[in-house]
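# Understanding the architecture of this molecule
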Amino acid sequence: MKLSALCSPSALPALAGGLLLALAPPLTTAAAESDTGSAGAFKIDVVTKAGQIQPPVLINVSGFAPEVLSVLDFHLTVCGFKFASAEQADYQLKGKVDGNVSGTLLSKGGQATLFARAFSGGTRRSQVHALADEVIKTVTGSTGLGQSRIAFRRVLGKRNLHNEAISEIFVSDFDGFEPVQLTEDAAINASPDWIPGMRGLVYMSNRGGNSDIYSHDLSTGARAPVARYSGSNLSPSVSPKGHQVAMVLSRGGGVHLWVTNLDGSGAVQLTRGQIDASSPCWSPNGQTICFASTGGGRPSLYTIPASGGTARKLTTGIINATEPDWSPDGKAIAFTRMVGRDNFRVCIVDASGGVAQEVADGEDPSWGPNSRTLAISFRKNNERTLRLLDVPTRQYKDLPLNSGSCSQPSWGR
Amino acid sequence: MKLSHAVLYTVLAAGLVAGCSRRPKNITPLPSSERVGGGTTGLTPNTRPVGGGGELGDGGRAGRLPTGPGTAGTDLPGSTTSTPLGTDSTPTINKPTTDLSQPDRAKWETWPQDPDALRAAIVYFDLDKSVVRRADTGNVAKIADYLKSHPGYMVKLDGHADERGTEEYNRALGERRALSVRESLLNLGVSQESVVTATFGEDRPAELGHNEAAWSKNRRVEPVVLIPPGATR
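Residues numbered from 1 in each chain as written. Chains lettered and ligands numbered in written order. Predicted model: local features only at pLDDT ≥ 70, side-chain atom pairs only at ≥ 80, totals over all residues.

### Some thoughts on the overall build of chain A
Counting its regular elements, chain A contains four helices and 29 strands. Every one of the 413 residues in chain A was classed for burial, and the buried ones make up 61%. Sequence-distant contacts in chain A: of pairs separated by 6 or more residues, those separated by 24 or more amount to 45%. (Helix = DSSP H or I, 4+ residues; strand = E, 2+ residues; numbered from the N terminus. Buried ≥ 20, exposed ≤ 12 C-beta atoms within 10 Å, placed from the backbone. Contact = placed C-beta atoms within 7 Å.)

### Remarks on the overall build of chain B
Each helix and strand in chain B was counted, giving five helices and six strands. In chain B, which comprises 233 residues, the proportion classed as buried is 37%.

### Quick word on the sheet that holds strand E28 (residues 396-398) of chain A
Residue and element names in this part refer to chain A. Pairing within the open sheet is antiparallel, and its four strands lie in the order E25-E26-E27-E28. Both outer strands of the open sheet, strand E25 (363-367) and E28, are each paired with one neighbouring strand and no more. Taken pair by pair, the neighbouring strands of this sheet meet at an average axis angle of 25 degrees, ignoring direction. Relative to strand E27 (residues 383-390), strand E26 (residues 373-380) is paired through eight bridges, and the arrangement is antiparallel. (Pairing = 2+ DSSP bridges. Axes fitted to C-alpha atoms, helices over the stretch in contact; angles between N-to-C directions.)

### Topic: the nonpolar core
Among the nonpolar cores identified, the biggest contains 138 residues, and Ile59(A), Leu72(A), Val202(A), Met247(A), Leu257(A) and Ile333(A) are the most heavily contacted of them. A per-element tally of this core places helix H4 (residues 167-187) of chain B first, with seven residues. The contacts of Val202(A), once residues within four sequence positions are left out, are Asp193(A), Ile195(A), Ile213(A), Tyr214(A), Ser215(A), Val226(A), Pro236(A), Val238(A) and Val245(A). (Core = buried A, V, L, I, M, F, W, Y, C linked by C-beta atoms within 7 Å.)

### Examining the environment of Ala375(A)
All names here are of chain A. Mapped onto the secondary structure, Ala-375 falls in strand E26. Take Ala-375: there are 27 C-beta atoms within 10 Å of it, and that puts it in the buried class. Put simply, Ala-375 and Asn-60 are 315 residues apart on the chain and 26 Å apart in space, counted from C-alpha to C-alpha.

### Thoughts on the domain arrangement of chain A
For chain A, the assigned domains are domain 1 (3-35 + 57-140) and domain 2 (149-411). Here the C-alpha centre of domain 2 of chain A lies 32 Å away from the C-alpha centre of domain 1 of chain A. (Domains from an automatic or database assignment.)

### Some points on the confidence of the model for chain B
In low-pLDDT regions, the fine details of the predicted coordinates are not to be read closely. Residues and elements named next belong to chain B. Summary statistics for chain B give a mean pLDDT of 72 and a share of 58% for residues scoring 70 or more. Segment residues 1-57 is flagged for pLDDT under 50; beyond a separation of four residues in sequence, or across chains, it makes 95 contacts in the model. Note on residues 78-97: pLDDT under 50 across the span, and 53 contacts to partners over four residues away in sequence or across chains. Two summary scores accompany this predicted model of the complex, namely pTM at 0.81 and ipTM at 0.86. (pLDDT = per-residue confidence, 0-100.)

### What to know about the sheet that holds strand E11 (residues 212-217) of chain A
Pairing between the strands of a sheet comes from backbone hydrogen bonds, and it takes one of two forms, parallel or antiparallel. Residues and elements named next belong to chain A. Taken in spatial order, the four strands make up an open sheet running E9-E10-E11-E12, and their pairing is antiparallel. Two strands in the sheet have a free side with no partner beyond their single neighbour: strand E9 (189-195) and strand E12 (223-227). This sheet shows a mean twist of 25 degrees between the axes of neighbouring strands, independent of strand direction.

### Points about the pairing of strand E21 (residues 321-326) of chain A
Counting buried positions over the six residues of E21(A) gives six, a clear majority of the element. Linking two consecutive strands that pair antiparallel, namely E21(A) and strand E22 (residues 332-339) of chain A, is a turn of five residues; a positive phi of about 80 degrees is found at Gly330(A) within it.

### Examining the packing of helix H3 (residues 66-77) of chain A against helix H4 (residues 124-140) of chain A
All names here are of chain A. One can describe the packing of H3 onto H4 by two numbers: an axis separation of 9 Å at closest approach and a directional angle of 45 degrees. Classified by the angle their axes make, H3 and H4 are oblique. Between H3 and H4 lies a crossing of right-handed hand. For the pair H3 and H4, contact is made by Val-68, Val-71, Leu-72, His-75 and Leu-76 and by Arg-125, Val-128, His-129, Ala-132 and Val-135, respectively. Per-class residue counts for the contact of H3 with H4 are seven nonpolar, two polar and one charged. (Parallel < 35°, antiparallel > 145°, perpendicular 65-115°, else oblique. Left-handed = near helix turned anticlockwise from the far one by under 90°. Nonpolar A, V, L, I, M, F, W, Y, C, P; charged D, E, K, R; others polar.)

### Section: the packing of helix H3 (residues 137-149) of chain B against H4(B)
Residue and element names in this part refer to chain B. It is at 10 Å that the axes of H3 and H4 come closest, and there the two elements cross at 60 degrees. As judged from the angle between their axes, H3 and H4 are oblique. In the crossing of H3 with H4, the sense of the turn from one axis to the other is right-handed. Contacts between H3 and H4 involve Val-140, Ile-143 and Ala-144 on the former and, on the latter, Val-181, Ser-184 and Leu-185. Broken down by class, the residue content of the contact of H3 with H4 amounts to five nonpolar, one polar and no charged.

### A word on the pairing of strand E24 (residues 356-361) of chain A
Residue and element names in this part refer to chain A. With five bridges connecting them, strand E23 (residues 343-350) and E24 associate as antiparallel partners. What sits directly across from Cys-347, in E24, is Glu-358. Following E23, the chain reverses through five residues before pairing antiparallel with E24; Gly-353 in that reversal takes a positive phi of roughly 100 degrees.

### Points about H4(A)
Residue and element names in this part refer to chain A. Given a rise of 1.5 Å per residue, 17 residues ought to cover 24 Å, and the 24 Å separating the end C-alpha atoms of H4 matches this to within 8%. Counted residue by residue, H4 has 13 buried out of 17 residues, so it is predominantly covered. Once H4 finishes, Gly-141 follows within two positions and takes phi at roughly 80 degrees, a positive value. (Expected span 1.5 Å × (residues − 1).)

### Focus on H4(B)
Residue and element names in this part refer to chain B. Given a rise of 1.5 Å per residue, 21 residues ought to cover 30 Å, and the 30 Å separating the end C-alpha atoms of H4 matches this to within 8%. When you tally the buried positions in H4, you get 18 out of 21 residues, the bulk of the element. The positive-phi residue at the C-terminal boundary of H4 is Gly-189, with phi of around 95 degrees.

### So, unusual backbone geometry
Residue and element names in this part refer to chain A. The phi torsion at Met-198 lies on the positive side, around 55 degrees, for a residue other than glycine. Inspection of the secondary structure assignment puts Met-198 in the loop between E9 and strand E10 (200-205). Overall, Met-198 belongs to the buried group, with 20 C-beta atoms counted inside 10 Å. Notably, Asp-364 is not glycine yet its phi reads approximately 50 degrees, a positive angle. With respect to the helices, strands and loops of the structure, Asp-364 is situated in strand E25.

### Brief notes about the environment of Thr316(A)
Along the chain, the position of Thr316(A) falls in the loop between strand E20 (312-313) and E21. Taking the C-alpha atoms as reference, Thr316(A) lies 7.9 Å from Gly353(A); in sequence the two are 37 residues apart.

Given below as structure tokens:
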């Protein structure tokens, strides 16, 4: 039932030992995961359709050193591929690492060469990711993840005099490598969100004693306040064109959705009254904002025109829905559904509303640039860790960031 | 499972670093991966702040900017628009209310804070609720009485949630609790100019445990007295 129980990197010891098995067993078997076994426990408004889980693309990989194979496995697994024997595989990737990484992709049985490329420059790891991008593009036509990065919040495991969980903003490559600590405030820093083009970030920090919103330029490290009003300034989300920020402010005496320019000017209040707000996100065309609201009761997802107007409940009957994130292709919204108060499920609903589908245990989903992989946060032993989930196949990999509680991923795109 | 990951990543990182001495011009180098092999546990790639060059402006750090594909591939020889919104509409309620706006930040921001003066007036809440319980109205009255007997003083209401619930929801919940106490104070005749709110979500628990005994202590609003300049305590 638990995803973690299904994570069986059974091939890893062999890889680490330097043995490249031509018939490597599947590294991830989460494809079998579904919640159908306990469907009766769910409300009928959330239907889990096991039949919608797609089988992975089987690929046979040979000729690479173990460390290269591991990077390939991570990248391809979270994009819906699975290592298989040459007999079973739909594709064959033959490679070598001779200073640089090179690879040849063949169709089933080696009948046709789909590409043969060598990669130079960058690190060897970036070359492997470029090779994975090429495989994904050739087979599925979609973009890979090799150039993307993830921002997140990391609780450093110590508390200040006020008992506060000190947390800082980090950025890493999408696979968790090259992590960089962006803030060193010894304060509560949270809710990072990328400025499009990965030029910088916005996030919440109480470094000044109040929960305020800052923008952070990645090239200079310069920070600028975006919202520092009385009350709380929370949950910033940058518009797709990077000019505006949606956020939650209580300056007006209610917890409401506001939009400002990136420099904090031109603040406009979008919700009023019982339509309070948390965790807003933008549609990719910038015209609509989705957010969670209690609406005077249990939290549900709402949408509202970014220029102001009427808030509409997106999901009928789905209760305890929070933390929406709109896919880059505009088709779906991922969100967290609280089940009771201790369990969290990542769900997906069509952007036009309707029936949602639970896809994994976890919370706070953020779509990757390919609109199929989600970065999610996963609770274990009262700490959170980050996981990448391929939605169509349910395959996943955990990011190697296991020191300190990591949460609130924001996938740069 | 963790161990095998650990071994794997250590081996992996070591192998990768060995082969990454050259970087293309268009990749801003991060601090080199000294992490490899340096750690005693070797469990994960270490994280270390970017050294140098980042300490600018407002104290933030610089990070690597996105670059074009730093890795070039060469062929070897031989070789949205948004969808319609839901139909179930819940119109925004534009209930005309009295102005509940918070006082200007500049007014109170530099005032000394006293978290102890009203420690006996902490207001506690039921699970996932922001309504002040009948049993706690006495504590709200204590806050109101304090403000009435200390003209010119202000109170900051720090809202908190227990660790259950999602992070941003908890932040909003803490703020809703603070605003709920604020509204109760206003109903008792306290001026809106003398009460501000804040939220810490689940990040500043009164008790660190992971059980109801701790959680019930953490679902709270703590009144912090803001002392005006020149006032004697």
